[in-house]
Amino acid sequence: MTKLQSVAELEKLRADILARRDPARTCIAVCAGAACDGLDSVAVADAFKSEIAKQGLADKIELRVTGCHGYCEKGPNVVAGPKDVCYFEVTPQDVPGIVAATLKGEVFEPCVYKDPLTGAKAVHMNEVPYYKHQMRLLTGDNIRIDPLSIEDYIAVGGYAALAKALSSMTPDEVLAEVKKANLRGRGGGGFPAGSKWETTKNAPDKTKYVIVNGHEGESAAFMDRAMLTGNPHKVLEGLIIGAYAIGAQQGFVYTRHDAPRLVEHVKAALAQAEEYGFLGENILGSGLNFKVELHFDVGIFVSGESSALMRSIEGNAPEPRPKYIRTSVQGIWDKPSNLNNVETWANVPQIIAKGADWFSGIGSERSKGTKLVSLSGHVVNSGIVEVPMGTPLRTLIFDIGGGVRDGKSLKAVHFGGAMGGSLPADRIDATLDFDEMSKLGAPIGAGGLLVMNEDTDMIDVARYLLDFLTKESCGKCVPCREGMWQMLKILTNIAEGRGKKFDLDRLADLMEVTSLSSLCALGKTASDPLKAMMRYFKDEFETRIAEAAVGNPAGSQAK
Amino acid sequence: MCEKVIDGIIDKYRGRPGAVIHALTEIQHENRWLPREVMERVAEALEVPFSQVMQIASFYKTFSLTPKGRHEVHVCTGMTCHLRGAPALMDKVEELTGLKPGETDADSRFTYERGSCLGSCSIGPELIVDGKHYGRMTPDKVEDVLKRYE
């Protein structure tokens, strides 16, 4: 492949790719996302391969091993044919049946969705309840793309937004569009991405960096990995557009080393993008020079914090630094560095392609676009969900999630991982909105939504989260390192039935001091889950302490 | 030990002080632990003080300063796995192997680790052996899984 020199060459390539595709050849997409992989979707894909080879069907059926489809609970997932027939819990034994049905344009009944109560079947993706209530702008393409094939991405319109930005927009216009769209950071804070870009763009230093934060250390959040593994070029396209707007010459992708498929896909995407001329010198003849390096987190939660992450890219231990000078002004090697989350970058191409007005027409008043949510815990349908901002949590948990598993009732939902918060069941009419959720004390964070049933011991949950953070603190500043440790001791005492009368007051003191005096967000927000617990579930703590006082230690119910 | 591979990795990053993490990560993946003399060679080749290599190697959880067993047994302790029964799973692994998290048995058969979150929450709780995920695990299934690894 010779490098594409212009937008016209890209459009010609796209036309060629589409012309080469035989419309009569049907596609079968086998999910290789993290959950399906764990359920041995590799064996299913292999079975398809050998069935297609055995029957000599290579010209009739195309097998595509893809990223996450979304409905992880019912993996391994298979989607077949032009009308997206969804097959769930597919085993290698089902494969010949699916192949035969697909060839005839029919449906292989044993693997289609059946409603657990009514038995009603749902065949196509837009009929399956789990998908029906979603708006899959970012993840919808996953079933059409082999993440190792840049041509699959180009075939679904990939890199058209980059071409548009480079050929018909100035960097200022790109920035103005992103600002106007009011794209807010998906990584946790919900900070407007456009303003952040502008700060880096306007910083005096000429050398500038852009960074994809794909660290995803938040417990029970798995959508960034699915996005980056399933459609790496979408994220990369967003990054290149950002580099153009900001004036950056170098980009970094920072992600996990412990997911082999993720590493493989990102590496391949970077190599292919360079080969096709989307990275390197004079991109698409525009004069833009931009290259990207891949860096790995090697196993500590705090390195997802922006300044710590940048220390790690420099090759040092990931200790955060004070941010009276922002990293967007002085980041990696003290150069202006704009960092956004995987999902934030993935939103950029569609904003440029379809315009800010289209984007801001989706979502709630102050939170625009869609949001990826990792739905897990005691929920019937666990998986990756994409819904417009402003969707009520009730829709997420009941309409999409199918409610609480094992016929139990809902006690609480938890948003935002170890630095998030829990809400009681009577608050689930709240909507998925950065500001509304923060006000309630359960900030969206990166988007891990955990469903907890009636048996959940909230004291154990609080203790678990703090135990996690205590181990992940980098130890640089004392309030975080020691404050959390002391809180954990008190909480463990309460959880194990040794709580004392004034423990909650001492906890409140520690929570206040730790959050006021810690350097980075880890220490500052470490007590947020506890604060939410004290707001909504204080009686549980008081009861446990009172029981301990009368010599009736309940112990942790969770065991 | 794969001396040649390690030499190759060190050579690749020679003279690049910023690449300590890259070099150590690759060596860890190949060799599964970081012997002191290898770290000394990394320090010399990449032209950084040994203390800095040691700081990085001892800070990040991925790096091991002690040899590991032939098989790595990992219980995910992410929040979903925790809610769905990871504590009982850990008890069972500890009972069967006699190990505490971070330990390796005397026969170097298993190294037992726990950590979070591996992103397969939908099929939690899970046991991961040498990178292979065993989803929806229950304590009574643990023994059968471990038996497959000698």
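All figures in this text were calculated on a predicted structure; none of them were measured in a lab. (Residues numbered from 1 in each chain as written. Chains lettered and ligands numbered in written order. Predicted model: local features only at pLDDT ≥ 70, side-chain atom pairs only at ≥ 80, totals over all residues.)

(A) Broad picture of the overall build of chain B. If you tally the helices and strands in chain B, you get 7 helices and 4 strands. Taken along its principal axes, the extent of the C-alpha atoms in chain B is 50 × 30 × 20 Å. Burial analysis of chain B (150 residues in total) assigns 39% to the buried set. Considering only residue pairs separated by 6 or more positions, chain B has 62% of its internal contacts joining residues 24 or more positions apart. (Helix = DSSP H or I, 4+ residues; strand = E, 2+ residues; numbered from the N terminus. Buried ≥ 20, exposed ≤ 12 C-beta atoms within 10 Å, placed from the backbone. Contact = placed C-beta atoms within 7 Å.)

(B) Region of interest: the overall build of chain A. Across its full length, chain A carries 23 helices and 15 strands. A compact globule built from 559 residues should have a C-alpha radius of gyration of about 24 Å, and chain A, at 24 Å, falls within 12% of that. If you line up chain A on its principal axes, its C-alpha atoms span 80 × 65 × 40 Å. Burial statistics for chain A: of 559 residues in total, 54% are counted as buried. For chain A, the proportion of contacts with a sequence separation of at least 24, taken over those separated by at least 6, is 72%. (Rg over C-alpha atoms; globule rule 2.2 N^0.38 Å.)

(C) View of the sheet that holds strand β14 (residues 421–424) of chain A. Residue and element names in this part refer to chain A. Strand order in this open sheet of 5 strands is β12-β11-β15-β13-β14, and the pairing throughout is mixed. Strands with a single pairing partner mark the edges of an open sheet, and in this sheet they are β12 (383–388) and β14. Along the sheet, successive strands turn relative to each other by an average axial angle of 30°, direction set aside. Sheet strands touched by helix α16 (residues 393–400): β11 (370–377), β12, β13 (410–415) and β15 (448–453). Its angle to β12, the strand with the most contacts, is close to 135°. (Pairing = 2+ DSSP bridges. Axes fitted to C-alpha atoms, helices over the stretch in contact; angles between N-to-C directions.)

(D) Quick look at unusual backbone geometry. Geometrically, the link from Gly75 of chain A to Pro76 of chain A is a cis peptide bond, its omega value of -10° lying close to zero. With respect to the helices, strands and loops of the structure, Pro76 of chain A is situated in the loop between β2 (61–66) and β3 (78–80). Residue Pro125 of chain B is reached from Gly124 of chain B by a cis peptide bond, and omega for that bond is 0°. Phi is positive for Ala220 of chain A, which is not a glycine, with a value near 70°. Within the element layout of this structure, Ala220 of chain A appears in the loop between β7 (209–214) and α10 (223–230). Backbone geometry at Asn282 of chain A places phi at a positive 50°, although glycine is not the residue there. Following the sequence through the fold, Asn282 of chain A ends up in the loop between α12 (260–276) and β9 (291–297).

(E) Structural view of the domain arrangement of chain A. Residues and elements named next belong to chain A. By the assigned domains, chain A splits into domain 1 (21–134), domain 2 (158–360), domain 3 (370–453) and domain 4 (458–549). Each of domain 2 and domain 4 has a C-alpha centre, and the two are 35 Å apart. Counting from both sides, the interface comprises 11 residues of domain 2 and, opposite them, 9 residues of domain 4. Here the residues of the side of domain 2 that touches domain 4 sort into 7 nonpolar, 2 polar and 2 charged. (Domains from an automatic or database assignment. Nonpolar A, V, L, I, M, F, W, Y, C, P; charged D, E, K, R; others polar.)

(F) Spotlight on the domain arrangement of chain B. In terms of domain boundaries, chain B breaks down into domain 1 (3–59) and domain 2 (71–147). The C-alpha-based centres of domain 1 of chain B and domain 2 of chain B are spaced at 29 Å.

(G) Structural detail: the packing of helix α3 (residues 36–46) of chain B against helix α4 (residues 50–59) of chain B. Residues and elements named next belong to chain B. Look at α3 against α4: their axes get within 8 Å of each other, and the N-to-C directions meet at 125°. One finds that α3 runs oblique with respect to α4. Note that α3 runs across α4; the crossing there is right-handed. Contact residues: α3 offers Met39, Glu40, Val42 and Ala43, while α4 offers Phe50, Val53, Met54 and Ala57. Of the residues belonging to the contact of α3 with α4, the class tally is 7 nonpolar, no polar and 1 charged. (Parallel < 35°, antiparallel > 145°, perpendicular 65-115°, else oblique. Left-handed = near helix turned anticlockwise from the far one by under 90°.)

(H) Spatial organisation of the environment of Gln330 of chain A. All names here are of chain A. Mapping Gln330 onto the fold places it in the loop between α13 (306–314) and β10 (337–341). Judged by local crowding, Gln330 falls into the partly exposed class, with 18 C-beta atoms found within 10 Å. The sequence separation of Gln330 and Lys208 amounts to 122 residues, and the corresponding C-alpha distance is 9.4 Å. Apart from residues no more than four positions distant in its own chain, Gln330 is found in contact with Ile325 and Pro336.

(I) Representation of the interface of chain A and chain B in the model. Contacts between the two partners involve 35 residues from chain A and, on the opposite side, 31 residues from chain B. Among the secondary structure elements, those contributing two or more residues to the side of chain A that touches chain B are α2 (34–38), α13, β11, β15 and α18 (458–472) of chain A. Among the elements that take part in the side of chain A that touches chain B, α2 of chain A stands out by supplying 4 residues, more than any other. For the side of chain A that touches chain B, the per-class residue count stands at 16 nonpolar, 13 polar and 6 charged.

(J) Seen up close, the nonpolar core. Formed by 211 residues in total, the largest nonpolar core has its most connected members in Val30, Val78, Val178, Ile241 and Val413 of chain A. Val413 of chain A has contacts with Leu393, Ile397, Ser422, Leu423, Ile428, Leu449, Leu450, Val451 and Met452 of chain A, leaving out every residue within four places of it along the chain. (Core = buried A, V, L, I, M, F, W, Y, C linked by C-beta atoms within 7 Å.)

(K) Spotlight on the sheet that holds strand β4 (residues 132–134) of chain B. Residues and elements named next belong to chain B. If you trace the 4 strands from one edge of the open sheet to the other, you get β2-β1-β3-β4, paired in mixed fashion. Taken across any chain shown, the strands that pair with only one partner, and hence form the sheet edges, are β2 (110–115) and β4. Between one strand and the next, the sheet's axes are offset by a mean angle of 25°, whatever the strand orientation. In this fold helix α6 (residues 86–97) packs onto β1 (71–76), β2 and β3 (127–129), with an angle of close to 155° to the strand it touches most, β1.

(L) Structural view of the pairing of β1 of chain B. All names here are of chain B. The pairing of β1 with β2 spans 6 bridges and is parallel. Of the residues in β2, the one forming a bridge with Cys76 is Gly115. Looking at chain direction, β1 and β3 are connected through 3 bridges and run antiparallel. Its bridge partner being in β3, Val75 is matched across the sheet by Leu127.

(M) Inspection of the confidence of the model for chain B at higher detail. In this model, chain B carries an average pLDDT of 92, and 99% of its residues clear a pLDDT of 70 or more. Quick note on the complex model: pTM equals 0.94, ipTM equals 0.90. (pLDDT = per-residue confidence, 0-100.)

(N) Representation of the confidence of the model for chain A within the structure. Residue and element names in this part refer to chain A. Mean pLDDT over chain A stands at 93; residues scoring 70 or higher make up 99%. Ranking the elements of chain A by mean pLDDT puts helix α21 (residues 521–525) last, at 87, and helix α11 (residues 232–246) first, at 98. Below a pLDDT of 50 lies the segment residues 555–559, which in the model reaches 10 contacts outside its immediate sequence neighbourhood of four places, other chains included.

(O) Examining the environment of Ser219 of chain A more closely. Here Ser219 of chain A shows up in the loop between β7 and α10. A tally of 31 C-beta atoms within 10 Å means that Ser219 of chain A is categorised as buried. Sequence separation between Ser219 of chain A and Met419 of chain A is 200 residues; the distance between their C-alpha atoms is 9.8 Å. Look past the residues within four positions of Ser219 of chain A in its chain and what remains in contact with it is Gly417, Ala418, Gly448 and Phe468 of chain A together with Gly78, Met79, Ser116 and Cys117 of chain B.

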